[in-house]
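Single-letter residue listing:
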Amino acid sequence: MNDFVVRGIRADEWRSVKALRLEALQDSAAAIAFLETYEDAAARPDAFWQGRALGAGAEAGGVRQFVAEAAGGGWVGTVTVLVEEAGSVDWAGLPVERRQGHVVSVYVRPEWRGVGVTQALFEAGVAWAWGVGLERVRLLVHQKNLRAQQAYRKAGFTPSGVTVPVGEGFGDFSGEVEIEFVRERG
């Protein structure tokens, strides 16, 4: 189970990007981990997935997606890092004070959890962030997603003290909060 490599995706791999995202959205923790439903993602046209892979497959862009690929070629996990520019506003409407990375779409197949895939994905994402000159990397995690919080701490992220309310339209989670975890450039 430890035989995998982590690499950036390529633009022509959009079908695999779509398949892994749809799988992630069917995971038992999806409702607490992702701000998208399986139904919404499955209804997106192929052009959406092609555009997503094109943007996240370019090393010099404002987003980079990494995958853990098993020896047989199947993808077993993924993480994406978005660049947030200082002076902009993030997805939640909060001001971005520093040039930073925002980790999103973290997923590892259940049978590959606990063997280092998550840590390897984070190391690749953080190394890319430092390589493009970002000052820190952050992520948001639901207050009740204790399994993810533990994995993020293990990857060197710590709570910053910032919380973001979960917006309307997220079922039982509306009105709850997500906790910001950060990893400073060291």
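See the structure printed just above.
If you're wondering where the values come from, they're calculated on a predicted model, not measured in any experiment. (Residues numbered from 1 in each chain as written. Predicted model: local features only at pLDDT ≥ 70, side-chain atom pairs only at ≥ 80, totals over all residues. Heavy atoms only, no water.)

1. Quick notes on the side chain of Glu176
Mapped onto the elements, Glu176 comes out in the loop between β6 (158–165) and β7 (177–184). Owing to a relative accessible area of 14%, Glu176 belongs among the buried residues under this scheme. Only 2.7 Å separates the side chain of Glu176 from the side chain of His142, close enough to count as a polar contact. Among the polar contacts listed, one links the side chain of Glu176 to the side chain of Lys144, at a separation of 3.0 Å. Excluding anything up to four places from it in sequence, Glu176 contacts His142, Gln143, Lys144, Val164, Pro165 and Val166. (Helix = DSSP H or I, 4+ residues; strand = E, 2+ residues; numbered from the N terminus. Buried < 20%, exposed > 50% of the residue type's maximum accessible area, 1.4 Å probe, protein only. Polar contact = N/O pair within 3.5 Å; in protein donor to acceptor, adjacent residues only side chain to side chain. Contact = heavy atoms within 4.5 Å.)

2. Structural notes on the sheet that holds β6
One key point about sheets: their strands pair by backbone hydrogen bonds, in either a parallel or an antiparallel sense. Overall, mixed pairing links the seven strands, which are arranged β1-β2-β3-β4-β5-β7-β6 in an open sheet. The open sheet has two free edges, formed respectively by β1 (4–8) and β6, since each of these has just one partner strand. Neighbour-to-neighbour, the strand axes of this sheet turn through a mean angle of 25 degrees, independent of strand direction. Taken together, the seven bridges between strand β5 (residues 136–142) and β7 define a ladder with antiparallel strand orientation. Each bridged residue has a counterpart across the sheet, and for His142 the counterpart in β7 is Glu178. Of the strands in this sheet, β2 (63–70), β3 (75–84) and β4 (100–108) touch helix α1 (residues 14–24), which is tilted by about 100 degrees from β3. (Pairing = 2+ DSSP bridges. Axes fitted to C-alpha atoms, helices over the stretch in contact; angles between N-to-C directions.)

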